[in-house]
Amino acid sequence: RRCNLTACSSKYVLSQMHPMWQGPLAVPGGDRQSPIDITVRKSVFDSELKPLVTNYDPNTCQQIWNNGYSFLVEYDDTTDKSTLKGGPLKDSFRLCQFHFHWGECNAWGSEHTVDRRLYPAELHLVHWNSDKYSLFEEAVMEDNGLAVIGVFLKVGKRHEGLQKLVDALPAIRHKGSVVEFNRFDPACLLPINTDDYWTYHGSLTTPPLTESVSWIIMKQHIEVSHDQLAVFRSLLFTSAEEEAQKSMVNNFRVQQALCGRTVRSSFT
Ligand SMILES: NS(=O)(=O)c1cccc(F)c1F
Ligand SMILES: [Zn+2]
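The rules behind these values
- Residues numbered from 1 in each chain as written.
- Chains lettered and ligands numbered in written order.
- Predicted model: local features only at pLDDT ≥ 70, side-chain atom pairs only at ≥ 80, totals over all residues.
- Heavy atoms only, no water.
- Near = heavy atom within 4 Å.
- Polar contact = N/O pair within 3.5 Å; in protein donor to acceptor, adjacent residues only side chain to side chain.
- Areas by Shrake-Rupley, 256 points an atom, 1.4 Å probe, with all protein chains shown as cover.
- Helix = DSSP H or I, 4+ residues; strand = E, 2+ residues; numbered from the N terminus.
- Nonpolar A, V, L, I, M, F, W, Y, C, P; charged D, E, K, R; others polar.
- Donors = N, O, S within 2.8 Å, 3.2 Å for Na, K, Ca; no water.
- Tetrahedral: all angles 85-135°; square planar, octahedral: opposite > 155°, others 65-115°.
- Buried < 20%, exposed > 50% of the residue type's maximum accessible area, 1.4 Å probe, protein only.
- Phe/Tyr/Trp six-rings, centres within 6.5 Å; stacked < 30°, edge-to-face > 60°.
- Pairing = 2+ DSSP bridges.
- Core = buried A, V, L, I, M, F, W, Y, C linked by side-chain atoms within 4.5 Å.
- Contact = heavy atoms within 4.5 Å.

Chemist: Pulling in residues and values, what's your account of the site of ligand 1?
Modeler: Inspection of the region around ligand 1 gives Gln97, His99, His101, His124, Val126, Phe136, Leu146, Val148, Leu204, Thr205, Thr206 and Trp215 as its neighbouring residues. Here His99 contributes a side-chain N or O atom positioned 3.3 Å from a nitrogen atom of ligand 1. With respect to ligand 1, the side chain of His101 contributes an N or O atom lying 3.3 Å from a nitrogen atom. Bound to the protein, ligand 1 loses 90% of the 310 Å² it would expose on its own. Element by element, the count of residues in the shell around ligand 1 is highest for strand 9 (residues 93-102), at three residues. By residue class, the composition of the shell around ligand 1 is six nonpolar, six polar and no charged.

Chemist: Could you give me a rundown of the coordination of the zinc ion (ligand 2), with the residues and numbers involved?
Modeler: At 2.0 Å from the zinc ion (ligand 2) lie its protein donor atoms, namely His99 (NE2), His101 (NE2) and His124 (ND1). Bound by four donor atoms, the zinc ion (ligand 2) shows angles of 98 to 118 degrees at the metal and therefore tetrahedral coordination geometry. If you list the donors of the zinc ion (ligand 2) from N- to C-terminus, the spacing comes out as H-x1-H-x22-H. The pair formed by His99 and His101 is uniform in burial state, with each residue classed as buried.

Chemist: Pulling in residues and values, what's your account of the packing of aromatic side chains?
Modeler: Counted under the stated rule, the structure contains twelve aromatic pairs. Geometrically, the ring pair formed by Phe181 and Phe184 is tilted, given 5.7 Å between the ring centres and 35 degrees between the ring planes. Assigned by exposure class, Phe181 and Phe184 land together as buried. Feature note: the residues Phe71, Tyr75, Phe98, Phe100, Trp102, Phe181, Phe184 and Phe232 constitute an aromatic cluster, connected by ring pairs.

Chemist: Could you give me a rundown of the pairing of strand 11 (residues 121-129), with the residues and numbers involved?
Modeler: Taken residue by residue, a regular strand's side chains alternate between the two faces of the sheet. Where burial is concerned, most of strand 11 is hidden: nine out of the nine residues are buried. Pairing between strand 9 and strand 11: nine bridges, direction antiparallel. Each bridged residue has a counterpart across the sheet, and for His101 the counterpart in strand 11 is Glu122. Summarising the sheet, strand 11 and strand 12 (residues 146-155) pair through eight bridges and their orientation is antiparallel. Residue Glu122 lies in a different strand from strand 12, and its bridge partner there is Phe152.

Chemist: Before we move on, can you summarise the nonpolar core with the specific residues and values?
Modeler: Among the nonpolar cores identified, the biggest contains 44 residues, and Phe71, Phe98, Phe100, Ile149, Leu165 and Phe232 are the most heavily contacted of them. In terms of residue count, the dominant contributor to this core is strand 9 (five residues). Phe100 has contacts with Ser70, Phe71, Glu122, Leu123, Leu153, Leu162, Leu165, Leu189, Phe232 and Asn251, leaving out every residue within four places of it along the chain. Counting 21 residues, the second largest nonpolar core, distinct from the first, contains Phe152, Trp198, Val213 and Trp215.

Structural data, given as C-alpha cells:
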C-alpha cells in the first residue's frame, strides 16, 4: 500500500473537533471512532441480528436541559424501568438520556450519513449495559458499555410527539438551564419500522469520545417540521451571563475513519 498513514494507523487520531470544543482532542489509539459514513453496498447482512425490543416507561422522564452543546432529556436510570434489548445486543441496556445534533440549515446536521447523504438532524437515545455495570459512568469506559440508537430526522410534516419537547425549549435557551420534564415517551420518536437498522462498534461523538458504543442506526427516518427544527436552532451554546450569544447549531462531529470496521445490516 502506498501510504499507511491513514487516520487509523497513526497512534493518535486528531479528531477535527467542532470549533466549540477546546482544540483538537487526541484519542489514544482511536480506531473505532464515531460518527461514520455508512456505505450501504459495503454493509453485511447478518441474519442473527434480532428486532429491537424497547420498553420505555414515560414516568421515568425527569428533566430537559441545555448542556452547552445540545439539549438532553434525562431519565431516571436507577431502576430497570426503561430498557433496550434485542437487536445486536446480548445484554439489557438502560435508557439514561436522549439528545439531538443539527445544522444551521436543513442541508446538513446529522453525524452519521448513508452513502454520504446528510440529514438535517439526528436523534441519539443513549443506553448503558445494566447487566454488567451499575452506573452509566462505569459503563461509558467499557467496551460493550453503551448502546446508542440513532434516528435521522427529515423536514416534512409536523411531529406531534416532538412538539411537547419543542414547547419546553424556550425555557432552556441558555447553557446550564434545566426544567422539569415529565411523562415523555421516547418511543414516539422512533420510526414505524425499527426492524431495519445498521449496527457497528464505535465511540461517543463528544468528549470523552470513549470507544464503548454499540451503534444502532435506524434505516427509516422520522419527519419533523421546518418550524420545529427552527426552535432547536433558537437554543444558545452560551450561558445567560456571557456577552456574545452564540446560536446552538452545527453541534455535530466530523466523520471518522472506518479503520476496517464492518457495518452489519439487519435487512437485505
Ligand atoms: N453523541 S453520543 O450519542 O455519542 C453521546 C454523547 C454524550 C454522552 C453519551 F453517552 C453519548 F453516547
Ligand atoms: Zn449524540
